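# Summary of structural features
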Amino acid sequence: MFPYAAIEYDCLSYCDTIFYILEIIMIIKTSDIVEGGIYKTVTGQQRKVTKIENDCVHYMSKGNDSSKPWTFGHNKTNPPKLSTFKEACSEVVSKP
């Protein structure tokens, strides 16, 4: 029986580690998404919400370089759903 207990303990330690990592890279809450808010994705892209309409999020984006301008890109004509935007963001940078 002892070897099985050791395996179970190793599994619990592994699972605890995974849950800790997931907490670090946690997605933001829907209630955190507001017009004028700035959010960051896990790749470092910044997204500034300009409008939330019909469950869609209109936003401008830019990379890590703060000297670059905000641009709409492809999302101006095809904005993502609120749930998709939320899943892509990992951090709230600022809210008005």
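Coordinates for the structure precede this section.
This write-up is about the structure you can find in this document. (Residues numbered from 1 in each chain as written. Predicted model: local features only at pLDDT ≥ 70, side-chain atom pairs only at ≥ 80, totals over all residues. Heavy atoms only, no water.)

## A look at the overall build of the protein chain
The helix and strand inventory of the protein chain stands at 2 helices and 4 strands. Scanning the protein chain from its N terminus toward the C terminus, one meets helices and strands in the order α-β-β-β-α-β. Taken over 96 residues, the protein chain has a buried fraction of 26%. Contacts spanning at least 24 positions in sequence make up 47% of the contacts within the protein chain whose residues lie at least 6 apart. Here the protein chain has roughly 6900 Å² of accessible surface; of this, 59% comes from carbon and sulfur atoms. (Helix = DSSP H or I, 4+ residues; strand = E, 2+ residues; numbered from the N terminus. Buried < 20%, exposed > 50% of the residue type's maximum accessible area, 1.4 Å probe, protein only. Contact = heavy atoms within 4.5 Å. Areas by Shrake-Rupley, 256 points an atom, 1.4 Å probe, with all protein chains shown as cover.)

## Brief notes about the environment of Lys48
Here Lys48 shows up in strand S2 (residues 46-53). Looking at Lys48, the relative accessible area reads 31%, which means it is partly exposed. Measuring from C-alpha to C-alpha, the distance between Lys48 and Val93 comes to 9.5 Å, with 45 residues separating the pair along the chain. Not counting the four nearest positions on each side in its chain, Lys48 is found in contact with Gly37, Ile38, His58, Tyr59, Met60 and Trp70.

## Here we look at the sheet that holds strand S1 (residues 38-41)
Spatially, S3-S2-S1-S4 is the arrangement adopted by the 4 strands of the open sheet, whose pairing is antiparallel. Of all strands in the sheet, those bounded by a partner on one side alone are strand S3 (56-62) and strand S4 (89-94). Direction aside, neighbouring strands of the sheet carry axes that sit 40° apart on average. Here S2 runs beside S3; their pairing, made up of 7 bridges, is antiparallel. Bridged to Lys51 within S3 is His58. (Pairing = 2+ DSSP bridges. Axes fitted to C-alpha atoms, helices over the stretch in contact; angles between N-to-C directions.)

## With respect to the pairing of S2
In this sheet, S2 lies alongside S1 in antiparallel orientation, the contact comprising 3 bridges. Following the sheet pairing, Tyr39 is matched in S2 by Arg47. Hairpin connection, S1 to S2: the antiparallel pair is bridged by 4 residues, and Gly44 has positive phi, about 95°. Taken together, S2 and the strand that follows it, S3, pair antiparallel across an intervening segment of 2 residues, in which Asn54 is found at a positive phi of about 50°.

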